[in-house]
Amino acid sequence: DPQQIELATASKRKLRRFIVIDEVVDKLYGSKVREYFEENNVQHKILALPTTEETKSMDLVLNILHEVQNFSLDRRTEPIIAIGGGVCLDIVGLAASLYRRRTPYIRVPTTLLSYVDASVGAKNGVNFLQCKNKLGGYTPPVASFLDRSFIQSIPRRHISNGLGEILKMALMKHKGLFDLLRSHGKYLLDTKFQSCNGFADHGDAALQTTRIAIETMLEELAPNLWEDDLDRLVDFGHLISPELEMRVLPSLMHGEAVNVDMAFMTYVAHARGLLDAEEKEQILQCMRGLELPVWHSGCSWALIQRALRERLKHSGGQPRMPLPTGLGVAEIFNDTSEETLERAYELWVRD
C-alpha cells in the first residue's frame, strides 16, 4: 500500500523489527535476511533458535519473550516476524499472543508442510507433558508471506512430509487435487515444488497443487477459526497421529505420522463399506508414490485405543471421525464400532 509506505518512511522514528528464525534456515538464508533489513535501513534483532518438536516448549517461548522485552517492541506497529517451519511459526505465534496480551506477528513458512498448513489459520502452541500442542491459543497472524523458493533447500523427505498434509485435503475435499498428486507426485518431489520451464506435460503442477491445498484449507478453517464447531474435516489424519508422533519421536515427522493415521482410517472406511477395494488401493498407491509411510510398528492397537479415548475427552464425548466416502469426498462419523476398528486394524497389519 503506497499510502502505508509513505507514512512509514515519513515517520521520524526508525523502522524496527524483531525476527525469530530457525537456526537451520538462518545458516541458509540469514545473510540475505540481514542484508534486506540493512538495505532498507531497518533497525533489527535476529534471534536464531533450534525449533524442533523436541524443543517446542514454554521454555523456548519464554526465551523469545525475554529477548522481545529487551528489544522494547511497540506492540501496535512493530510485528514480530517468524521465519521457519511449522514448529517455529507455532512457538512465535504463542509468544506474540502472550506479550502485552497480543502483539502482531507475521508468518514466513520455509518448509512445504508449514507453507500449506501452519501458514493458514489461527492456532499456535507448544508441547507439554509429552502431549502435542497441549498449551496454545488462537491468535491469527497479521499476514503470511508465501515464497516457494525456500522449499528448494529442504531435503526430499521434508517435501514428502508436506505432501502428507496436501493429500489430507485432497482426500477430504478435492478429487482434482488427488488426481494431481497421483499424476505429478514424483515430479513434485524431484523438482522440490519449484516452477520449472520446459515441462509442458506437467504444467505448473507446483503452483496448482499448493494453491488448491491452501484454498481448500481456508474453506474449512475460515468459517470456524476458533473451532466452535468440533466437526472438522481437517482433523482427518489427526485422531491417532498426535499420540503416535509424540510416542516415537523423532522417528516420524508430523506429515508422516498424519499419513500413517490416514492409511489406517482408509482401512476403517473400507471396513465400513464407504470405500471399495479399488479406491482403497488407489489411495495407498498414491501415498507410496509420494514416499509416505503407510504403516508404522509403533502404531499398535493399544495406542490406537488410547488415542481414540483421548479424542473423546476433547471432542465433546463424540469421536467425530472424518472418513473418506469416495475419492475427494468425506463425512464425519460418530458410530464406528470397536469391532469395525479392530477388523480394519487386522487387515491393515496383514497388508
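Heads up: the structure comes first, above all this text.
The rules behind each value
Residues numbered from 1 in each chain as written. Predicted model: local features only at pLDDT ≥ 70, side-chain atom pairs only at ≥ 80, totals over all residues. Heavy atoms only, no water. Salt bridge = Lys/Arg side-chain N within 4 Å of Asp/Glu carboxyl O. Helix = DSSP H or I, 4+ residues; strand = E, 2+ residues; numbered from the N terminus. Buried < 20%, exposed > 50% of the residue type's maximum accessible area, 1.4 Å probe, protein only. Pairing = 2+ DSSP bridges. Axes fitted to C-alpha atoms, helices over the stretch in contact; angles between N-to-C directions. Parallel < 35°, antiparallel > 145°, perpendicular 65-115°, else oblique. Contact = heavy atoms within 4.5 Å. Nonpolar A, V, L, I, M, F, W, Y, C, P; charged D, E, K, R; others polar. Polar contact = N/O pair within 3.5 Å; in protein donor to acceptor, adjacent residues only side chain to side chain. Phe/Tyr/Trp six-rings, centres within 6.5 Å; stacked < 30°, edge-to-face > 60°.

1. A few points about the pattern of salt bridges
All told, the structure shown has 27 salt bridges when counted by the stated rule. We note a salt bridge from Lys173 to Glu220, for which the minimum N-O separation is 3.1 Å. Separated by 47 residues along the polypeptide, Lys173 in helix 6 (residues 156-173) and Glu220 in helix 8 (residues 205-221) bring together distant segments of the chain. Assessed through its relative accessible area of 26%, Lys173 is described here as partly exposed. The class of Glu220 is partly exposed, set by a relative accessible area of 21%. Ionic pairing is found between Asp335 and Arg272, a salt bridge with its closest N-O pair at 2.7 Å. Note that Asp335 is positioned in the loop between strand 9 (330-333) and helix 13 (338-350) and Arg272 in the loop between helix 10 (254-271) and helix 11 (277-289), a separation of 63 residues in sequence. Several salt bridges converge on common partners, so that one network encompasses Lys123, Glu227, Arg232, Asp235 and Arg311.

2. Looking at the pairing of strand 6 (residues 131-138)
Each regular strand displays side chains that alternate between the two surfaces of the sheet. Bridge analysis of strand 5 (residues 123-128) against strand 6 gives five bridges, and the strand direction is antiparallel. Of the residues in strand 6, the one forming a bridge with Asn124 is Gly137. Following strand 5, the chain reverses through two residues before pairing antiparallel with strand 6; Leu129 in that reversal takes a positive phi of roughly 55°.

3. Focus: the packing of helix 6 against helix 7 (residues 175-191)
Put simply, helix 6 and helix 7 touch, their axes get as near as 9 Å, and they point 170° apart. In terms of orientation, helix 6 lies roughly antiparallel with respect to helix 7. Along the contact surface, helix 6 presents Arg156, Ile159, Ser160, Leu163, Ile166, Leu167, Met169, Ala170, Leu171 and Lys173, while helix 7 presents Lys175, Leu177, Phe178, Leu181, Lys186, Leu188, Leu189 and Asp190. When grouped by side-chain class, the residues that make up the contact of helix 6 with helix 7 number twelve nonpolar, one polar and five charged.

4. Some words on the sheet that holds strand 3 (residues 80-84)
Spatially, five strands are ordered 2-1-3-4-7 in an open sheet, and the strand pairing comes out parallel. Edge positions in the sheet fall to strand 2 (43-49) and strand 7 (143-144), since each of these pairs with one other strand and no more. Contacts from helix 3 (residues 58-71) reach strand 1 (16-22), strand 2 and strand 3, with the element oriented near 165° to strand 2. In the packing of helix 4 (residues 86-98) onto the sheet, contacts are made with strand 1, strand 3 and strand 4 (105-109), and the angle to strand 3 comes to roughly 165°.

5. So, the environment of Pro319
Take Pro319: it is sitting in the loop between helix 12 (301-314) and strand 8 (321-324). Counting along the chain gives ten residues from Pro319 to Arg309, while the straight-line C-alpha distance between them is 8.4 Å. Residues in contact with Pro319, not counting those within four places in the same chain, are Leu239, Arg311, Leu312, Phe333 and Asn334.

6. Side note on the side chain of Thr336
Within the secondary structure, Thr336 sits in the loop between strand 9 and helix 13. Engagement of the side chain of Thr336 in a polar contact is seen with the side chain of Arg272, the distance being 2.9 Å. Ignoring anything within four residues of it in the chain, the contact list for Thr336 reads Val268, Arg272, Met321, Leu323 and Leu341.

7. Focus on the packing of helix 9 (residues 241-248) against helix 12
It is at 8 Å that the axes of helix 9 and helix 12 come closest, and there the two elements cross at 125°. It follows that helix 9 is oblique to helix 12 by the angle criterion. Residue-level contacts link Glu243, Leu244 and Arg247 of helix 9 to Leu303, Arg306, Ala307 and Glu310 of helix 12. Here the contact of helix 9 with helix 12 is built from residues that sort into three nonpolar, no polar and four charged.

8. Focus: the packing of aromatic side chains
Taken as a whole, this structure holds eight aromatic pairs when the rule is applied. Ring geometry for Tyr29 versus Phe150: centroids 4.9 Å apart, planes at 80°, classification edge-to-face. Placement of Tyr29 in helix 2 (residues 23-39) and of Phe150 in the loop between strand 7 and helix 6 is noted, with a sequence separation of 121 residues between them. Exposure remark for Tyr29: the relative accessible area of 15% places this residue in the buried category.

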